[in-house]
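The residues making up each chain are set out below.
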Amino acid sequence: MKAVEIDDEIEEGMVVDEEPNSLPNYRLAERRATGKSPYEMLRASKISVEDIVAKILAIKRQDLPGTHLRELATQVFLHFITLRQVNRSILLEEDHVKMETERAKAPVDFTTLQLHNLMYEKSHYLKAIKACKDFKSKYPDIELVSKEDFFRDAPEDIKGSVSSDDTHSLTLKRLHFELSQRKELSKLHEQLEQRKRSLLHTLANRNEFLSSLPSQLKSLKKASLPIQNQLGVLHSKKLKQHLLAGLLPPPLYVVFSQLMAQKEAFDENIDLEIVGSVKDAQSFLRQQANKESGISSNQESFMLEDDVLDEEDDRQRRRKRPKKVPAKENLEYAGFYQVHPLKVMLNIYDDEVSDPKAFKLVALRFEYMLKLNVVCVEMEGSDEGPRYNILCNLFPDDTGIALPYESSKILVGENLKFDEKRSSRPYKWAQHLAGIDFLPEVSTQLKNQGNSGDERSKSIIAASNVSLYRQQNRVETILQRIRCRKKAQLALAEQLNTLEKLKWPSLNHMGVPWALHCPSCNLQSWSLLEFSSNQSLSFPVVETKHVQELIEAGPHNKSSNNTNEQLESAKEDGELPSLALVASVANDVKVTLRGSSCGNSKQLVLMSKSISPIAKVKSFAFKKHDEDLDILLDPESDIDEPTQIEPEKESTNASLGLKLAGDSWIECGAREYCLVLTRKLHTNERKVKLEAKIQISMEYPVRPPLFSLNIAASSGESRSGKFQWYNESRAMEAEVNLHMLKMVPSEQENYTLAHQVHCLAMLFDHYLDRAYPSSGRGESTSIVDVGLCKPIIGSLLTRSLRGRDHRNIISWKHAYSKQT
Amino acid sequence: MCFDSRNWNEESYRDSILKARELQTRTVFRAIWAPSSNPNPDTIVVASSDGLISSYSVSSCISKHASGFISSRNHNMLTIKPDSVLRGHDGSVYDVKFYGDGEDTLLLSCGDDGRIRGWKWKDITLSDAPNYSIGNHVQPVIDLVNPQHKGPWGALSPIPENNALAIDVKQGSIYAAAGDSCAYCWDVETGKAKMIFSGHRDYLHCIVLRSSANQIITGSEDGTARIWDCRSARCVHVIAPEKDLKYEKFSSCISCIALDASENWLVCGCGSSLSLWNLPASECISKIPTSAPALDVIFYDNQILEVGAAPVLSRFDMKGNVLSQIHCAPQLSFSISLHHSGVCSSYPSSFCLWNLILFSFSFSSCKFIRISVAICS
């Protein structure tokens, strides 16, 4: 639109411009006056010429008189003139337009030219900018100090008055600054180098001195040894132990360090020692290091080795001991039972005695099995053989027979149980003491070589676990338990000794009724029945087939009586099944045979009698079980026949004799004794015999001895009498096994067995006094039930029985049942 | 609970050992079926020597027992937990009985401490018992104590125990066989002793009610059973089965008594025999020798079922012939109770007409729960 306007202006301008000199203007004016454009006029003239010619032609053809021809010709000529005129004006106009165009073109050309110039200029600048931008300095990667540092640190002469906007000069100045600084630094570097050289020099001098020092010190140490011994300062020994501790495998190290800490912090009365060959330990360490990383172990251990080797040499010189033994041991213990050459010895002393050289209770040896990753414990100097192991069941369900961890079980494979012959056992508490439950698998010595980050996190975990370990008081608990156990076992052994001599064990505590009671029955016999087998544990599920075999073996054994010859045959027969099945009951047979070595054939008969019922009851119960299941599943089976009642009254203790498989660990290390109490009745010279089987578990006294009683029927008793005895023995069992224990004060608990035996004797006396009142004793202790002494009856009656089960009234029972 | 050196708690370990011992030394004196609208009751109430009254559900016992049996031979029976436990008495609980039926059923128990206690059965079954190991969660609604006798110089006798209970719902009375050779009749409403039946020479073992004649029959340690008139508290008749034979002292007590449904026949266990009496004629019809002293006896139709100090359950007819003997595991059973399951749908239809489930309990119930199914034809 604007362009159009401009054009108009230009045209107007031109019109104004041309006005003075133009003809065309005149024409234009003329044209305007006529109101027609030349082309129209041309066309009109042409049309009128053609009309006229057509008229002429028509006239000619019709031969009309040519009067009008002249006129017509004139008109044609006139028109021709007009035509010419018009033609001329058209041409003129054309010229005029051309000129106008020509004139208008000039400024356009000029501006175009200008535009091109500008464009060129622009592209030039752009190129220049790009070139500037792309400019690369010769040293593009000079690290400069940051701007802030520059403004802060640069001296005024370099900084000048520079504003942060002027980057170029700023950069330049920074470069200057950089240069100056670097120069300074290089100067410093040189200085330091020089200093280093001088220091190295002095260091070398000193090293020389130091290297000569050890030999001096060694000679000094050697010289001091006799003095140390004389003064009783075992400094060097302690030092050696600490050095050795560094060589211990991690679990043993935990054992050692924690026990040591306990000893030093709480004055525990224990002694610790590391035994074993140092050389072996070092060679083992090196072996392991080689295996792990291919690099020989670190320098420290070598130095240590030198030191220790020296001592070793000393000792050898002194002792002249052949060094073959440990190597041999190593060979022997190859395979799964490979043991680390170093062991920790722990001596536990009695803590109640104030005397520093107190009575030594136990000595334990901890060793570490490499392949199985378990810590084993052994009692030093226990001559009773592996079966009598006071460490077993220190905590519930910890027999030390099964391996404590699944991984080690998998390693060993199918052979699940631990080697029986070894006296050292992998108790769970030992693992807890050694912290195997949290120690990382990597050994300490290899830690230095491992990548640090991983190790650090591991050691952090270990540290937190160690604190947990301390919070749980593991060391204290275990030491406490071992002490209690040993003391209890000592006390127990003392009591057993007295009993073996058929004397009543003595009681120190007089505050219980049985302590004051003077037993009127005799302690007739005391014998060891059974040393519970450990093997039974590994076969908790006894198949019925085996049991049936055993039933056959049982009566056979029983029938083989008095003569020694038959005993021999029984031995053979008895051991045959034990080869086939290693069930617990098989052991009973063996035990019988052990008893035979005692010689007393009468006693033996008694024992074999008393054992076989157990076996029978066990099998009986299994059969029973089967039957009952049958009944449940198939009620129509023919169980309705009258069944025979077995005349087996000895097996009355079925309920106590039956052991549950889940608790089979309790039996580990348990011993069973047979105690026989007799009393002669004054009335008819009969003897009443009370047979008590006493099972003493390793957990004594925490788990008190379990009595199973059996009052042997003397001849001429009726059935109901047996019933009576059954009830009575059950009642006594309840008293002895449970109720009376609540009366034994806790400080007396190591003498629980003595208390129980006394209590049993008292109950037996009491019972006999009631059952046979004419026996003439014990009236004084009975209570008079005044409810029955009414005049109707006329005599003073003492009431002795009570309840549906004919229980004897025990006068003191109620007194303490109210207490508790 | 896990006991090892890491968190050793010796006290609780000791307690757990003693708890296990307690279970081992337990004696069950009575096991009865709890009443229910279902003709085939499922719950057993058990009275045991540790003073606890516990209820077990048979179906859950069986299912646990059976599955446990299959999985392992040495299934630990101690794992069967009672549904609810009540601390009934100090000392043994000798008898439990249910009083009444329906909503207001009471569970009565008596025991060595000479008390009779009653609880609302509904409360026991409904309570979820968060502290069921203690067993004190339900308070007894009845608590009766036997009187103490005053002797010379003001000496008080020990409280005599209650050995058995008999229930008379119509009169609202409880009869108790007590240890002071008397039987007591207690009024349930007032809680007072209405009547004292004295005359026995030794303590009482058992008591039954003969409601048709308003009589009670007691059996005593002195070897006699006595029939008492409840209105006058007089002894009507003395039955002395062993009067002629002089046996030893403990063989001669009357340990159990049972009446048949018509209340004309009485059987009492006396030493190693059962004697069957016709009450209208007051004469001993037959004497049945048993293998061991009878401890509980019961009528079932025209048969007599007996348990005692032998591990068998015997079935006799009225003439005294042995019909069958069923072995049961315990050496000695104190209780037998009937369970009519004739119309029980859960059992196979092939034996639905004459079934009875006999339940016998004895020592260490938890180990020796045995359910014997006998088919009587």
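Residues numbered from 1 in each chain as written. Chains lettered and ligands numbered in written order. Predicted model: local features only at pLDDT ≥ 70, side-chain atom pairs only at ≥ 80, totals over all residues. Heavy atoms only, no water.

Participant: What's the story with the overall build of chain B in this structure? I'm lost.
Facilitator: Secondary structure assignment for chain B yields 3 helices and 27 strands. Counting all 377 residues of chain B, 63% fall into the buried class. When the accessible surface of chain B is totalled, it reaches about 14,800 Å², and 52% of it is carbon and sulfur. (Helix = DSSP H or I, 4+ residues; strand = E, 2+ residues; numbered from the N terminus. Buried < 20%, exposed > 50% of the residue type's maximum accessible area, 1.4 Å probe, protein only. Areas by Shrake-Rupley, 256 points an atom, 1.4 Å probe, with all protein chains shown as cover.)

Participant: Would you mind going over the pairing of strand β1 (residues 28-33) of chain B with me for this structure?
Facilitator: Side-chain positions along a regular strand alternate between the two faces of the sheet. All names here are of chain B. Taken across its 6 residues, β1 has 6 buried, putting it largely inside the fold. In terms of strand pairing, β1 meets strand β2 (residues 43-48) through 5 bridges, oriented antiparallel. Along β2, the bridge assignment pairs W33 with I44. (Pairing = 2+ DSSP bridges.)

Participant: In this structure, what is going on with the UniProt feature "repeat: WD" (unreviewed entry) in chain B? I would like to understand it.
Facilitator: According to UniProt, the feature "repeat: WD" (unreviewed entry) maps to residues 86-120 and 197-238 of chain B in the numbering used here. Within the segment residues 86-120 of chain B, helix and strand shares are 0% and 60% respectively, and the terminal C-alpha atoms sit 12 Å apart. (UniProt positions renumbered as here; feature names shortened; annotations may be inferred.)

Participant: Mind showing me how you'd approach the packing of aromatic side chains here?
Facilitator: Pairs of aromatic rings are described using the distance from one ring centre to the other and the angle between the two planes. Residue and element names in this part refer to chain A. Counted according to the given criterion, the structure contains 10 aromatic pairs over all chains. A centroid spacing of 6.5 Å and a plane angle of 45 degrees characterise the contact between F77 and F80, whose relative ring orientation is tilted. One end of the pair, F77, and the other, F80, are both in helix α4 (residues 67-133), 3 residues apart, so they sit about a helical turn from each other. Of the residues examined, F77 reaches a relative accessible area of 53% and is grouped as exposed. Every member of this aromatic cluster is reached through a ring pair, and the members are F366, Y427 and W429. Above the plane of the ring of F395 lies R481, whose end atom (NZ or CZ) is 5.8 Å from the centre. (Phe/Tyr/Trp six-rings, centres within 6.5 Å; stacked < 30°, edge-to-face > 60°. Lys NZ or Arg CZ within 6 Å of the ring centre and 35° of its normal.)

Participant: What exactly am I supposed to notice about the nonpolar core here?
Facilitator: Soluble globular proteins tend to bury their nonpolar side chains together. Residues and elements named next belong to chain A. Among the nonpolar cores identified, the biggest contains 55 residues, and L346, L364, F366 and W429 are the most heavily contacted of them. Top contributing element to this core by residue count: helix α9 (residues 250-266), with 6 residues. In contact with F366, other than residues within four places in its own chain, are L252, V255, K343, V344, L346, V375, C376, V377, W429 and L433. Counting residues in hydrophobic clusters, the runner-up holds 39 residues, among them L492, L496, L753 and M762. (Core = buried A, V, L, I, M, F, W, Y, C linked by side-chain atoms within 4.5 Å. Contact = heavy atoms within 4.5 Å.)

Participant: I would appreciate a short explanation of the environment of V757(A) in the present structure.
Facilitator: Residue and element names in this part refer to chain A. In this structure, V757 sits in helix α25 (residues 752-771). Residues V757 and L677, 80 residues apart in the sequence, show an inter-C-alpha distance of 9.9 Å. Ignoring any residue separated from it by four or fewer positions in sequence, one finds V757 in contact with L499, W504, L675 and F707.

Participant: Honestly, the side chain of Q303(B) in this entry has me stumped. Any pointers?
Facilitator: Residues and elements named next belong to chain B. Here Q303 is to be found in strand β22 (residues 303-308). Exposure remark for Q303: the relative accessible area of 15% places this residue in the buried category. Side chain to side chain, Q303 and R315 meet in a polar contact 3.2 Å long. (Polar contact = N/O pair within 3.5 Å; in protein donor to acceptor, adjacent residues only side chain to side chain.)

Participant: Can you help me understand a nonpolar patch on the surface in this one?
Facilitator: A cluster of nonpolar side chains, I142(A), L172(A) and L175(A), forms an exposed patch at the surface whose accessible area comes to about 210 Å². Within the fold, L172(A) resides in helix α7 (residues 167-231). (Patch = residues over 30% accessible without salt bridge, like charges linked within 9 Å, V, L, I, M, F, W, Y side chains within 5 Å. Salt bridge = Lys/Arg side-chain N within 4 Å of Asp/Glu carboxyl O.)

Participant: What is the right way to look at the UniProt feature "coiled-coil region" (unreviewed entry) in chain A in this model?
Facilitator: This chain's UniProt record puts "coiled-coil region" (unreviewed entry) on residues 175-202 of chain A. With 100% helix and 0% strand, residues 175-202 of chain A has end C-alpha atoms that lie 40 Å from one another.

Participant: How should I be thinking about the sheet that holds β22(B) in this particular structure?
Facilitator: Adjacent strands of a sheet form backbone hydrogen bonds with each other and so pair up, either parallel or antiparallel. All names here are of chain B. The antiparallel open sheet is built from 4 strands, whose spatial order is β21-β22-β23-β24. The two strands at the open ends of the sheet, each matched to only one other strand, are β21 (294-300) and β24 (322-327). Strand-to-strand, the axes of this sheet are offset by a mean angle of 20 degrees, without reference to chain direction. Bridge analysis of β21 against β22 gives 6 bridges, and the strand direction is antiparallel. Residue D296 lies in a different strand from β22, and its bridge partner there is V307. (Axes fitted to C-alpha atoms, helices over the stretch in contact; angles between N-to-C directions.)

Participant: Mind showing me how you'd approach unusual backbone geometry here?
Facilitator: Generally, phi is negative for residues other than glycine and the peptide bonds are trans, each holding for most cases. Residues and elements named next belong to chain A. Residues Y700 and P701 are joined by a peptide bond in cis, for which omega reads 0 degrees. Tracing the sequence through the fold places P701 in the loop between β7 (687-696) and β8 (706-712). Although it is not a glycine, D267 sits at a positive phi angle of roughly 60 degrees. Note that D267 resides in the loop between α9 and β1 (270-275).

Participant: Looking at this structure, how should I read the pattern of salt bridges?
Facilitator: Side-chain pairing between opposite charges can occur once the charged atoms of the two side chains come close. Taken as a whole and assessed by the stated rule, the structure comprises 18 salt bridges over all chains. D95(B) is the salt-bridge partner of K97(B), the closest N and O atoms lying 3.6 Å from each other. Overall, the relative accessible area of 0% leaves D95(B) in the buried class. Members of the salt-bridge network, linked through shared partners, are R481(A), E749(A), E10(B) and R14(B).

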